[in-house]
Amino acid sequence: MYATLLALHSLTRWLILISLLFAIFRGYRGWLGNKPYSKFDNSVRHITATIAHVQLLIGLWLYFISPIVSYFLQHFKEAMHIRDLRFFGMEHITMMLTGIVLIAIGSSKAKRKLTDKDKFKTQAIWFTIGLLVILSSIPWAFSPLISRPWFRSF
Ligand code: HEM
């Protein structure tokens, strides 16, 4: 179960990034180009926020079964000084929760805005900040500190 969830969590990262980038692109395009906020835009906003929530659920599940996190929680004092353990036990969850909350707030604010321009603007700004927070806490394969593979096989 652990290996499957880890592979799924790793894969869903790409879905989040692609959907966020597309929603942000639609946001700036609509905002700066004075486009009408179409049903398609509304679906893009909704699907992006949903994918983020799915990743949150998978991440939470993973958090409770991960041997790395369980070691971190059981040896909190010493583990705080070990980069990998601190990252997955504390930093990753905090940053990702923040990113996903920003996306959720942005999505619900955009939905409630009265004009199309405000909808696009709200979506563009909140999603961009959410994306930056998420990007900063992904254990990228190229990272010299915490590195995880680009893809994991199931
Ligand atoms: C946008 C949100 C998120 C993204 C893009 C993301 C991405 C990733 C990636 C790429 C990994 C490495 C997977 C691998 O080893 O192949 C990972 C690991 C992990 N993530 Fe996330 N994550 C997100 C949110 C969360 C959240 C909200 C939680 C907890 C509530 C979480 C908990 C974990 C844990 C516990 C691991 C490491 C498990 C282990 O190696 O034992 N993630 N995440």
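Nothing here was measured: the structure is a model prediction, and the numbers come from that model.

Conventions we followed
- Residues numbered from 1 in each chain as written.
- Predicted model: local features only at pLDDT ≥ 70, side-chain atom pairs only at ≥ 80, totals over all residues.
- Helix = DSSP H or I, 4+ residues; strand = E, 2+ residues; numbered from the N terminus.
- Buried ≥ 20, exposed ≤ 12 C-beta atoms within 10 Å, placed from the backbone.
- Core = buried A, V, L, I, M, F, W, Y, C linked by C-beta atoms within 7 Å.
- Contact = placed C-beta atoms within 7 Å.
- Axes fitted to C-alpha atoms, helices over the stretch in contact; angles between N-to-C directions.
- Left-handed = near helix turned anticlockwise from the far one by under 90°.
- Nonpolar A, V, L, I, M, F, W, Y, C, P; charged D, E, K, R; others polar.
- Near = placed C-beta within 6 Å.
- Parallel < 35°, antiparallel > 145°, perpendicular 65-115°, else oblique.
- Expected span 1.5 Å × (residues − 1).
- Bend = angle between axes of the 7 residues up to and from the residue.

Draft legend 1. Highlighting the overall build of the chain. Check the secondary structure of the chain and you find six helices and zero strands. Secondary structure elements of the chain, listed N to C terminal, follow the sequence α-α-α-α-α-α. Each principal axis of the C-alpha atoms in the chain carries an extent, and together these give about 55 × 30 × 25 Å. Every one of the 154 residues in the chain was classed for burial, and the buried ones make up 24%.

Draft legend 2. Spatial organisation of the nonpolar core. Counting residues in hydrophobic clusters, the biggest one holds 18 residues, and the most contacted among them are I16, L20, I24, A52, I103, A124 and F127. Those elements giving two or more residues to this core turn out to be α1 (2-32), α2 (39-65), α5 (83-112) and α6 (116-136). Residues in contact with I16, not counting those within four places in the same chain, are I51, A52, Q55 and I134.

Draft legend 3. Geometry of the packing of α1 against α6. Closest axis-to-axis distance for the α1/α6 pair is 8 Å, and the angle between their directions is 145°. Where α1 crosses over α6, the two elements pack in a sense that is left-handed. The residues of α6 that touch α1, namely those facing I16, L20, A23, I24, G27, Y28, G30 and W31, are D116, K117, F120, K121, Q123, A124, F127, T128, L131 and I134. Its residues assigned to classes, the contact of α1 with α6 shows eleven nonpolar, four polar and three charged.

Draft legend 4. Expanded view of the site of the ligand. Taken together, 27 residues lie around the ligand, and S10, G59, S66, M96 and R148 are the ones closest in. Mapped onto the shell around the ligand, the elements with two or more residues apiece are α1, α2, α3 (67-74) and α5. Ranked by residue count, the leading element in the shell around the ligand is α5, at seven residues. Taken together, the residues of the shell around the ligand sort by class into 17 nonpolar, seven polar and three charged.

Draft legend 5. The arrangement of the environment of K119 in detail. Along the chain, K119 falls in helix α6. Along the primary structure K119 and L62 are separated by 57 residues, whereas in three dimensions their C-alpha atoms are 34 Å apart. Not counting residues up to four positions away in its chain, the partners in contact with K119 are Y37, A110 and K113.

Draft legend 6. Highlighting the packing of α1 against α2. Between α1 and α2, the shortest axis-to-axis distance is 9 Å and the interhelical angle comes to 155°. As judged from the angle between their axes, α1 and α2 are roughly antiparallel. Helix-helix and strand crossings are classified by hand; for α1 and α2 the assignment is left-handed. In terms of residue class, the contact of α1 with α2 is built from 18 nonpolar, seven polar and three charged.

Draft legend 7. Quick peek at α5. Spanning 30 residues, α5 covers 41 Å between terminal C-alpha atoms, matching the ideal 44 Å at 1.5 Å per step. Largest kink in α5: about 40°, centred on E91. Listed in full, the buried residues belonging to α5 are F88, G89, G99, I100, L102, I103, G106, S107 and A110. Elements in contact with the buried residues of α5: α2, α3, α4 (76-79) and α6.

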